[in-house]
Amino acid sequence: MIIELKNDAKPETVEGIKIFLEEKNLPYRFHHIYQKDVFTVVSETDEEVLNILGKMTGIDEIIQDKSEFPLASKSFKNEPTSFCVKNNIIGGNNINIVAGPCSIESEEQIFGIAEFLSKSGIKFIRGGAYKPRTSPYRFQGLGLDGLKLIRAAADEYGLAVVTEVLDSSLIDQTYPYADILQIGSRNMHNFHFLKLLGRIDKPVMLKRGMSAPIAEWLMAAEYILTEGNEKVILCERGIRSFDNLVRNTMDIAAIPMLKNLSHLPVWADPSHGTGRRELVAPVSMAAVAAGADGLIIEIHPDPAKALSDGAQSLYLDQFTALLSQLKVIAQAINRPIDPQISKQTKNLNLCVE
Ligand code: PEP
Ligand code: MN
């Protein structure tokens, strides 16, 4: 249950609700989220509780059973959520482009890619230091050394870092090196982990579980929001299906579906969504045309030698060619791409963190 307070609710009202919930043994959290004061009550409630709350002053709305993801839904907040990361606007009308290797492999590799990205006008670098590999015998990532490398490369070239936090024991270690914490597909259902991510003050990019229905994915986002972190990005990365010619089936329709249901920014990952290099450019364009607020794309200077996901990594010149195509699509739908890439938005960088 969500108890949404009126803008002018008095401190006595807040205290009164706290005392009442405590008396009733109802666990709650009190947050200021999306400019509203809300109580999130994590328990079943009965009619009596609802009747008493219903009579209290200062309460704007009690949201109960209407939806399983009230804070993520458009009925709670209609305008698209946007926030700043290192001087870049995420969400809103902007389209962000994130690129980089699947795994951070070496100093030479990540610095080379960072330099290439900055010359291309890209503002975000991706790269995994802890890799959730299906086989325990495959490269697992450079760990802390990898985090240090991607941070150093990003700082050298003025980029923001998107990197995966693999589990709850690694939040503290990953946090200082990341600007956006990626939550992998395999962790979308790890609810305790999601709650912990809700208590940090950096944005979280939540990938879709590979077999997760859209509603479950939004409920996973809700786990983060209910703990007070309002900076959540949803990332469609394909779902498992019966076709084994592709690694995953990219659910393009999920993008407009989410945009209808939620105010949260929606990114697309055409690399994992297809698993095949030759499909990445067309699916990237389709995702932007379908309303994606960002793309996260795997690139590698020598994909044949990549330690993970080489088959879906673009060569650097393919990525450059894709950027030109994306500019045309963005223009056609009247949306700005990250400022350095798109001329139309040069003076639109209004981010104040
Ligand atoms: C990744 O981005 O490298 C990754 C492992 O993604 P996912 O969790 O979507 O499989
Ligand atoms: Mn990968």
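Just so it is clear, the model here is predicted, and its values are computed rather than measured.

**Digging into the overall build of the chain**
Of the regular secondary structure elements, the chain holds 11 helices and 14 strands. Expected size for 353 residues packed as a compact globule is a radius of gyration near 20 Å; at 21 Å, the chain falls within 12% of this value. Projected onto its principal axes, the C-alpha coordinates of the chain cover approximately 65 × 45 × 40 Å. Per-residue burial for the chain yields a buried fraction of 54% across its 353 residues. In the chain, the proportion of contacts linking residues at least 24 apart, taken out of those at least 6 apart, comes to 69%. Summing over all exposed atoms, the chain offers an accessible surface of approximately 15500 Å²; the carbon and sulfur share of this is 51%. Counting 37 positive and 44 negative side-chain charges, the chain places the centres of these two groups 5 Å from one another.

**Digging into the coordination of the manganese ion (ligand 2)**
Here the manganese ion (ligand 2) is held by Cys102 (SG), His272 (NE2), Glu298 (OE) and Asp309 (OD), and the distances to it run 2.0 to 2.4 Å. Classification of His272 as buried rests on a relative accessible area of 7%.

**Describing helix H4 (residues 144-157)**
With 14 residues, H4 should cover 20 Å at 1.5 Å per step; its first-to-last C-alpha distance of 20 Å lies within 8% of that length. Gly158 occupies a position one or two residues after H4 and carries a positive phi of about 65°.

**A word on the domain arrangement of the chain**
Note on interface size: it is often stated as the accessible area lost on association of the parts. Assigned domains of the chain: these are domain 1 (2-63) and domain 2 (82-348). Taking only C-alpha atoms into account, the centre of domain 1 sits 36 Å from that of domain 2. At the junction of the two partners, domain 1 supplies 6 residues and domain 2 supplies 8 residues. A buried area of about 660 Å², summed over both sides, lies between domain 1 and domain 2, and 52% of it is on carbon and sulfur atoms. Per-residue buried area on domain 1 facing domain 2 is highest for Arg29, Ile33 and Tyr34; these three make up 69% of the total on that side. Applying the counting criterion to the domain 1 and domain 2 interface returns 1 salt bridge. Across the pair Glu227 and Arg29 runs a salt bridge, and its minimum N-O distance is 2.9 Å.

**Thoughts on the side chain of Lys131**
Looking at where Lys131 falls in the secondary structure, it is placed in the loop between strand E8 (124-126) and H4. Of the buried charged residues, Lys131 lacks a salt bridge, with Glu164 as the closest side chain of opposite charge at 5.0 Å. Only 3.2 Å separates the side chain of Lys131 from the backbone oxygen of Cys102, close enough to count as a polar contact. Residues in contact with Lys131, not counting those within four places in the same chain, are Cys102, Ser103, Arg126, Phe139, Gln140, Gly141, Leu166 and Ser308.

About the cut-offs
Residues numbered from 1 in each chain as written. Chains lettered and ligands numbered in written order. Predicted model: local features only at pLDDT ≥ 70, side-chain atom pairs only at ≥ 80, totals over all residues. Heavy atoms only, no water. Helix = DSSP H or I, 4+ residues; strand = E, 2+ residues; numbered from the N terminus. Rg over C-alpha atoms; globule rule 2.2 N^0.38 Å. Buried < 20%, exposed > 50% of the residue type's maximum accessible area, 1.4 Å probe, protein only. Contact = heavy atoms within 4.5 Å. Areas by Shrake-Rupley, 256 points an atom, 1.4 Å probe, with all protein chains shown as cover. Lys, Arg positive; Asp, Glu negative; His and termini not counted. Charge placed at Lys NZ, Arg CZ, Asp CG, Glu CD. Donors = N, O, S within 2.8 Å, 3.2 Å for Na, K, Ca; no water. Expected span 1.5 Å × (residues − 1). Domains from an automatic or database assignment. Buried area = accessible area lost by both parts, 1.4 Å probe. Salt bridge = Lys/Arg side-chain N within 4 Å of Asp/Glu carboxyl O. Polar contact = N/O pair within 3.5 Å; in protein donor to acceptor, adjacent residues only side chain to side chain.

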